[in-house]
Amino acid sequence: SASASASAGTDGGEEEEEFVQAQKRRAVDLNIRSMTLGGVGLEGADKERFNDIKMRLAELSTKFSNNVLDATKAFAMTITDPSDVEGVPASARGMWAAAHAAHAKAEAKEEEEEEDPESTTATTTAEAEPDADKGPWRVTLDGPSYIAAMMHLPNRNLREKVYVGYLTRASELGDGADSDNNNNNNN
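Residues numbered from 1 in each chain as written. Predicted model: local features only at pLDDT ≥ 70, side-chain atom pairs only at ≥ 80, totals over all residues. Heavy atoms only, no water.

Chemist: I tried to follow the overall build of the chain on my own but got confused; where do I start?
Modeler: The secondary structure content of the chain amounts to five helices and two strands. Put simply, the chain runs from its N terminus to its C terminus through helices and strands in the order α-α-β-α-β-α-α. Just so you have it, the chain exposes about 13600 Å², and 52% of that area is on carbon and sulfur atoms. (Helix = DSSP H or I, 4+ residues; strand = E, 2+ residues; numbered from the N terminus. Areas by Shrake-Rupley, 256 points an atom, 1.4 Å probe, with all protein chains shown as cover.)

Now the structure itself:
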């Protein structure tokens, strides 16, 4: 019985060693595969073509990300009816009210600059402080705003508008032709 337990311990050690060796072989195989897929071993025209493809992929990836970001920033929905935000947590209403106030302030500043581009001192227009209870509220596709809208807006039609806006960002179905990622597929 003592010799049976001793041989079982030896078998367990051998199995463990085989397992460790198999894991090491797998790690080496995966590293070699990764390097091969990364272009190691290519020469001449193949290497040049591979590098051109990598550069094009990087350009398209950056353009795609920028288009999605531009489309995300371009979408906004202003809610003016307090019943449309009834039951929404104060933190979300506050975020949306602050977003509306910031947008209104930016628009006012742009209008002042258009009227008098030489002016170095912008006249401050009477700007209303954001009011989370009275609104208006500006819902955007930025993560916190989008999630709060999808979770808390009681009006199904408003939630649908936000959802469709989110799904169609940077697509042929979205509002912005400049940020349509289908245009990237031409080359």
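Chemist: I tried to follow a nonpolar patch on the surface on my own but got confused; where do I start?
Modeler: A cluster of nonpolar side chains, Val 28, Ile 32, Met 35 and Val 40, forms an exposed patch at the surface whose accessible area comes to about 370 Å². The topology assignment puts Ile 32 in helix α1 (residues 2–37). Using a relative accessible area of 47% as the deciding quantity, one classes Ile 32 as partly exposed. (Patch = residues over 30% accessible without salt bridge, like charges linked within 9 Å, V, L, I, M, F, W, Y side chains within 5 Å. Salt bridge = Lys/Arg side-chain N within 4 Å of Asp/Glu carboxyl O. Buried < 20%, exposed > 50% of the residue type's maximum accessible area, 1.4 Å probe, protein only.)

Chemist: Could you clarify how one ought to interpret the packing of helix α4 (residues 143–152) against helix α5 (residues 156–167) in this entry?
Modeler: Running from amino to carboxyl end, α4 crosses α5 at an angle of 140 degrees, the nearest separation of the two axes being 9 Å. Comparing their axes, α5 and α4 come out oblique. The crossing of α4 and α5 is left-handed. Contacts from Tyr 146, Ala 149 and Met 150 in α4 reach Arg 159, Val 162, Tyr 163 and Tyr 166 in α5. (Axes fitted to C-alpha atoms, helices over the stretch in contact; angles between N-to-C directions. Parallel < 35°, antiparallel > 145°, perpendicular 65-115°, else oblique. Left-handed = near helix turned anticlockwise from the far one by under 90°. Contact = heavy atoms within 4.5 Å.)

Chemist: Explanation requested: the confidence of the model for the chain in the structure shown.
Modeler: Per-residue confidence for the chain gives a mean pLDDT of 84, with 80% of residues at or over 70. Across residues 1–8, confidence stays below pLDDT 50; counting only partners more than four residues off in sequence or on other chains, it has zero contacts. Within the model, the stretch residues 122–126 combines pLDDT values under 50 with four contacts to residues more than four positions away or in other chains. (pLDDT = per-residue confidence, 0-100.)

Chemist: What am I meant to see in α5 here?
Modeler: With 12 residues, α5 extends 16 Å from end C-alpha to end C-alpha; this agrees with the ideal 16 Å at 1.5 Å per step. Buried within α5 we find Leu 158, Val 162 and Gly 165. Seen along its axis, α5 keeps its buried residues to an arc of 60 degrees; they face one direction. Facing away from the buried side of α5 by over 90 degrees, the exposed positions are Arg 156, Asn 157 and Leu 167. Considering only its buried residues, α5 is in contact with β1 (76–79), β2 (137–140) and α4. (Expected span 1.5 Å × (residues − 1). Arc of directions from axis to C-beta.)

Chemist: Looking at this model, I keep getting lost on the side chain of Arg 138. Mind explaining?
Modeler: Checked against the element boundaries, Arg 138 lands in strand β2. Here the side chain of Arg 138 touches His 103 through a polar contact of 3.4 Å, side chain to side chain. (Polar contact = N/O pair within 3.5 Å; in protein donor to acceptor, adjacent residues only side chain to side chain.)

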